[in-house]
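Fold and contact review
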Amino acid sequence: MPKKNNDASEIPALEKEIWSKKNVPVALAAQYLGMSSDTIYAGFQEERMPFGFGVYKKATETWTYHISSGALVKYRNGELPAYRLREVQKIFVEGAEQLLNTKLQGLSQIVAKVCGV
C-alpha cells in the first residue's frame, strides 16, 4: 500500500494533473504517492509497480517508463493490488501444469481401459 503523505488539499490538484496525462511522469507519480522518484524507478525495475511498466533498452542501456493515470489513482486509493510479474507467471504456470497433469491422468485411464491394461 502506498504512503499517503501529501496534504489533502494538494491531492485533488495532483489528481487533476495526473488525469490529464496519457503517460504520467515519474516525478509527478512520486509526488502523488508520497514516494521518491528513485523508489518508483526501483519498483518498476523490480516489476513491483502495478500502475505501469518499465522497459530496459539494451542498445542504450537505459530504462523508459509508462505510468497509467487511471491505474495510478486506483493504486493510491487501494483499489489496485501489487503483484510481481514473476509471481503471476508462477501462479499461471502451476495452474496450467496441474490442469495438464489431470487431463493426462484421465487420458491414461481411458487408454488403459481401451487397451485392456
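Residues numbered from 1 in each chain as written. Predicted model: local features only at pLDDT ≥ 70, side-chain atom pairs only at ≥ 80, totals over all residues. Heavy atoms only, no water.

**Quick notes on helix α3 (residues 37–45)**
Rules: The buried label goes to any residue with under 20% of its type's maximum accessible area, the exposed label to any with over 50%, and the partly exposed label to all in between, with areas taken from a 1.4 Å probe on protein chains only. Put simply, DSSP marks the helices as runs of H or I at least four residues long and the strands as runs of E at least two long, and each gets a number from the N terminus on. Directions drawn from the helix axis to the C-beta atoms are what define this arc.
Looking only at α3, the buried set comprises Ile-40, Gly-43 and Phe-44. All buried residues of α3 lie within an arc of 95° about the axis, which places them on one face of the element. The positive-phi residue at the C-terminal boundary of α3 is Glu-47, with phi of around 60°.

**Here we look at the packing of aromatic side chains**
Note the threshold: Only rings of Phe, Tyr and Trp enter the pairing, Trp through its six-membered ring, and a pair is recorded when the two centres are within 6.5 Å. The plane angle decides the type: under 30 degrees is stacked, over 60 is edge-to-face, the rest tilted. Comment: the charge-over-ring label is applied if NZ (Lys) or CZ (Arg) is within 6 Å of the ring centre and within 35 degrees of the ring normal.
Going through the model one piece at a time under the given rule, you end up with 6 aromatic pairs. When the centroid spacing of 5.0 Å and the interplanar angle of 50° are considered together, the rings of Tyr-41 and Tyr-65 count as tilted. Residue Tyr-41 is found in helix α3, and its partner Tyr-65 is found in strand β2 (residues 62–67); the two are separated by 24 residues along the sequence. Each ring, one from Tyr-56 and one from Trp-63, has its centre 5.5 Å from the other, and the planes form 55°; the classification is tilted. With relative accessibility at 39%, the residue Tyr-56 sits in the partly exposed group. On the basis of relative accessibility, which here comes to 30%, the residue Trp-63 falls in the partly exposed class. Here the basic side chain of Arg-76 rests over the ring of Tyr-32, its NZ or CZ set 5.1 Å away from the ring centre.

**Structural notes on the nonpolar core**
Where we set the bar: We call a set of buried residues a nonpolar core when its members are Ala, Val, Leu, Ile, Met, Phe, Trp, Tyr or Cys and they connect through side-chain atoms within 4.5 Å of each other. Only heavy atoms enter the contact rule, under which two residues are in contact if any of them lie within 4.5 Å.
Core analysis: the biggest nonpolar cluster contains 20 residues, and Tyr-32, Ile-40, Phe-51, Ile-67 and Leu-72 have the highest contact counts within it. Going through the elements one at a time, α1 (10–19), α2 (26–33), α3, β2 and α4 (69–76) are the ones with two or more residues in this core. Sort the elements by how many residues they give to this core and α2 lands first, with 6 residues. Leaving out residues up to four positions away in the same chain, Leu-72 has contacts with Ile-18, Val-24, Ala-29, Tyr-32, Leu-33, Phe-51 and Ile-67.

**Things to note about the pattern of salt bridges**
How we decide: For this analysis, a salt bridge means a side-chain nitrogen from Lys or Arg found within 4 Å of a carboxyl oxygen belonging to Asp or Glu.
Inspection of every chain in the model, using the stated rule, returns 2 salt bridges. Residue Glu-94 pairs with Lys-90 through a salt bridge whose shortest N-O separation is 3.9 Å. Remark: Lys-90 and Glu-94 occur in helix α5 (residues 85–115); sequence separation between them is 4 residues, near one turn of the helix. Take Lys-90: its relative accessible area is 53%, and that puts it in the exposed class.

**Considerations on the pairing of β2**
Note the threshold: DSSP-based pairing: two strands are paired if at least 2 bridges between them are found.
With 6 bridges joining them, strand β1 (residues 52–57) and β2 adopt antiparallel strand pairing. What sits directly across from Gly-52, in β2, is Ile-67. Counted along the chain from β1 to the antiparallel partner β2, the turn is 4 residues long, and its residue Glu-61 has a positive phi close to 55°.

**Focus on a nonpolar patch on the surface**
The condition that has to hold: Each patch is built from residues lacking any salt bridge and having more than 30% relative accessible area; the joining distance is 9 Å for like charges and 5 Å for nonpolar side chains (Val, Leu, Ile, Met, Phe, Trp, Tyr). The Shrake-Rupley method, run with a 1.4 Å probe sphere, supplies the accessible areas, and residue values consider only the shown protein chains as cover.
Together, Leu-100, Leu-104, Leu-107 and Val-111 give the surface a local cluster of nonpolar side chains, amounting to about 360 Å² of exposed area. Mapping Leu-100 onto the fold places it in helix α5.

Honestly, that's just the spatial picture; any functional story needs more than this.
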